[in-house]
Amino acid sequence: MPAELICFESSCRARYAVTEVIYNCPRCGGLLEAGYDFSSVAAGEWKRIWRQRRTSNAPLDQSGVWRYRELIPFLDDYRHVVTLREGNTPLLDAGRAAAYGGLRRLTFKHQGFNPTGSFKDNGMTCGASQARRLGMQRVACVSTGNTSASMAAYAAAGGLQPAIFIPHGNISYGKLAQALEYGAKTLQVEANFDQILKLVRVLAEKLGIYLLNSINPFRIEGQKTIIIEMMDQRDWQAPDWIVVPGGNLGNVSAFGKALRELRELGFIDRTPKLAVIQAAGSAPFYEYMSNPGGRFQAVEHPETLATAIKIGDPVSWPKAKHEVIASGGLVEKVTEQEIADAKVQIGLCGIGCEPASAATLAGIRKLTAAGKMDAGADVVAVLTGNLLKDPDYIFRYHTGQLEAPGGVRIESTFGNRPVVVANDAEEIAALLG
Ligand code: F0G
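Note on numbering: residues in each chain are counted from 1, in written sequence order. A pLDDT threshold of at least 70 governs which residues receive local features in this predicted model, and a stricter bar of 80 or more applies before side-chain atom pairs are shown or counted, although totals over entire chains, interfaces and linings include all residues. Excluding hydrogens and water, the side-chain values take into account all heavy atoms of the structure.

**Re the packing of aromatic side chains**
For any pair of aromatic rings, the description rests on two quantities: the centre-to-centre distance and the angle between the ring planes. Defined as follows: Note on aromatic contacts: the rings of Phe and Tyr and the six-membered ring of Trp form a pair at centre separations within 6.5 Å, being stacked when their planes are under 30 degrees apart, edge-to-face when over 60 apart, and tilted otherwise. A run of DSSP states H or I qualifies as a helix once it reaches four residues; a run of E qualifies as a strand once it reaches two. Both are numbered from the N-terminal end. Buried means the residue's accessible area, taken with a 1.4 Å probe over protein chains only, is under 20% of the maximum for its type, while exposed means over 50%, and partly exposed covers the values in between. Note on geometry: a ring has a charge over it if NZ (lysine) or CZ (arginine) is within 6 Å of the ring centre and within 35 degrees of the ring normal.
Counted according to the given criterion, the structure contains 15 aromatic pairs. Centroid distance Trp46 to Trp50: 6.2 Å. Interplanar angle 50°. Geometry classified as tilted. You can see Trp46 and its partner Trp50 sitting in helix 1 (residues 43-53), four residues apart, about one turn around the helix. Look at Trp50 and you get buried, because its relative accessible area is 0%. For the pair Tyr288 and Trp317, a centre-to-centre distance of 5.0 Å together with 70° between the ring planes defines the contact as edge-to-face. Here Trp317 lies in helix 11 (residues 317-327) and Tyr288 lies in helix 10 (residues 284-289), a separation of 29 residues in the sequence. Residue Tyr288 is classed as buried on the basis of its relative accessible area of 12%. Given the relative accessible area of 24%, Trp317 is considered partly exposed. The rings of Trp46, Trp50, Tyr68, Trp236 and Phe267 are connected pair by pair, giving a single aromatic cluster. The residue whose ring lies beneath Arg69 is Tyr78, and the NZ or CZ to ring-centre distance is 6.0 Å. Its end group placed over the ring of Tyr100, Arg365 keeps NZ or CZ at 4.0 Å from the ring centre.

Structure below.
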């Protein structure tokens, strides 16, 4: 099935070979996406094959990304694939979180169950495999933490040399620790995410390093499988809404592309609405989409304790705009307090997640309260990262020490303070009542 890179700009749509090392359209500067000739799709047959592969011991079939390889057919040789058995993430019912969000029922698609603990693994297996296919030896990314952890792991597994660039002092130790342990050359740059991305793009070109940020269209192909697997797990019944946190906006771009393709190819018969939730201090996409006719404006100094989505100038906004509109969806923003409280409610379901992921439930609560989402709607929220990514945030919240940017204290609304006790059975028995 021939694959190409196609300019995303509707006025250009220039086409390039899938083996070119480009991240933007050389003609107009637009974003690129992978395109395929899908004329020989057999939806019913493929659904059956994908189910069968769940029982296979072949690495490619065990991967929750490559299992669906018919819908991401950009490789010509699967020997290039680097897989850590990514994907395979569960759909979890969460009654308590549903009630908190004003819904009768809510399901979480928990991407924190991935090998490095975030949804980035779905994309990185594709990006790293493409790097090998192209013969690139060095790979790089700028990251708020999860992309770098994932890239470091896949580079190590695939025999590539990883260099990661992170905003100094602005990523959680859990994520930084992963990159160090996986052996990535780690540069903590004294700048924010957006500034470093500009720098890395220049360096990558100059030094012949393959860039694995979500501007890389093959990462987006991998992240499509989050939706494909979700629909497979739901027996191809599309929900009413899919809710996702928005940072650099790669994930919502991938979700929208997956939904369009699944619908066009006859895998699903209706399109869920995409709801993108941003942190209020880092919400350029929310501001843009709330202001029809306005220009996209970056937030120069983005702020949020949900450091994963602390991004002021998201590269994929044109794609995200297209996908949100095409799905009939919307964009919302939530405060630091709303994120922190929603996160505990997810924890109390026995599920847990990192701060950025909890923006989903905070957003749902806001949307139901405003009457923009029905209480009876069928909603899937995507939890993007594992609880253990940022334990420092959790400890501070529960002990009343969490401070939002600008020194505003976050109330420990649902705090669960640890109790220090003497080594004394009677005292402890009294405490436990
Ligand atoms: N949630 C988590 C846990 C993330 O790590 C990210 C992005 C997002 C949500 C937002 O996804 O960028 O596709 O809109 N993290 C990137 C990183 C930027 O470098 O790890 P997006």
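**Things to note about a nonpolar patch on the surface**
Which entries qualify depends on this criterion: Patches here: salt-bridge-free residues with over 30% relative accessible area, like charges joined within 9 Å, nonpolar side chains (Val, Leu, Ile, Met, Phe, Trp, Tyr) joined within 5 Å. Per-residue and other accessible areas were derived by the Shrake-Rupley procedure at a 1.4 Å probe size, with only the shown protein chains allowed to occlude residues. Should a side-chain nitrogen of Lys or Arg be within 4 Å of a carboxyl oxygen of Asp or Glu, the pair is scored as a salt bridge.
Together, Val419, Val421, Ile428, Leu431 and Leu432 make up a nonpolar patch on the protein surface, roughly 480 Å² of accessible area in all. Along the chain, Leu431 falls in helix 15 (residues 425-432).

**What to know about the packing of helix 4 (residues 120-134) against helix 5 (residues 146-158)**
What counts, and what does not: Angular values range over 0 to 180 degrees, each being the angle between N-to-C directions of two axes fitted as lines to C-alpha atoms, with helices fitted over their stretch in contact. Roughly parallel covers angles under 35 degrees, roughly antiparallel covers those over 145, roughly perpendicular covers 65 to 115, and oblique covers all other angles. Crossing handedness follows the turn of the near helix against the far one: under a right angle anticlockwise gives a left-handed crossing, and clockwise gives a right-handed one. Any pair of residues with heavy atoms lying within 4.5 Å of one another is described as a contacting pair. Three categories are distinguished: nonpolar for Ala, Val, Leu, Ile, Met, Phe, Trp, Tyr, Cys and Pro, charged for Asp, Glu, Lys and Arg, and polar for the others, with Gly belonging to the last.
Relative orientation of the contacting elements helix 4 and helix 5 amounts to 45°, with a least axis distance of 9 Å. With respect to their mutual orientation, helix 4 and helix 5 come out oblique. For helix 4 against helix 5, the interelement crossing comes out right-handed. Here Lys120, Asp121, Met124, Thr125, Ala128 and Arg132 of helix 4 come into contact with helix 5, specifically with Asn146, Thr147, Ser150, Met151, Tyr154 and Gly158. The residue makeup of the contact of helix 4 with helix 5, split by class, is four nonpolar, five polar and three charged.

**As for the site of the ligand**
Note the cut-off: Residues are counted as near a molecule or strand when any one of their heavy atoms sits within 4 Å of it. As used in this structure description, the phrase polar contact means that two N or O atoms lie within 3.5 Å; if the pair is within protein, one of them must be able to donate a hydrogen and the other to accept it, and residues adjacent in sequence are counted only when both atoms belong to side chains.
Inspection of the region around the ligand gives 20 residues, with Ser143, Thr147, Gly247, Asn248 and Thr384 positioned closest. For the ligand, an oxygen atom lies 2.8 Å from a polar atom in the side chain of Asn146. Within the contact set of the ligand, an oxygen atom lies 3.1 Å away from a backbone nitrogen or oxygen of Gly250. Contact with the protein chains covers 98% of the free accessible surface of the ligand, which is 470 Å². Contributions of two or more residues to the shell around the ligand are made by helix 5 and helix 9 (250-264). Taken together, the residues that form the shell around the ligand break down as seven nonpolar, 11 polar and two charged.

**So, the pairing of strand 11 (residues 273-279)**
Here is the rule: Viewed with both strands pointing away, a crossover whose connecting path from the first strand over the helix to the second turns clockwise is right-handed.
Counted residue by residue, strand 11 has six buried out of seven residues, so it is predominantly covered. Tracing the backbone out of strand 10 (residues 241-245), into helix 9 and back to the parallel element strand 11 gives a crossover that is right-handed.

**A closer look at the sheet that holds strand 1 (residues 3-7)**
Put simply, the rule is: A pair of strands is labelled paired if DSSP reports no fewer than 2 bridges between them.
Overall, antiparallel pairing links the three strands, which are arranged 2-1-3 in an open sheet. Two strands bound the open sheet, and with one partner strand each, they are strand 2 (15-17) and strand 3 (32-36). Direction aside, neighbouring strands of the sheet carry axes that sit 40° apart on average. Where strand 1 and strand 3 come together, five bridges link them in antiparallel fashion. Across the sheet, the residue bridging to Glu4 is Gly35, located in strand 3. Running at roughly 60° to strand 3, helix 8 (residues 217-233) makes contact with strand 1 and strand 3 of the sheet.

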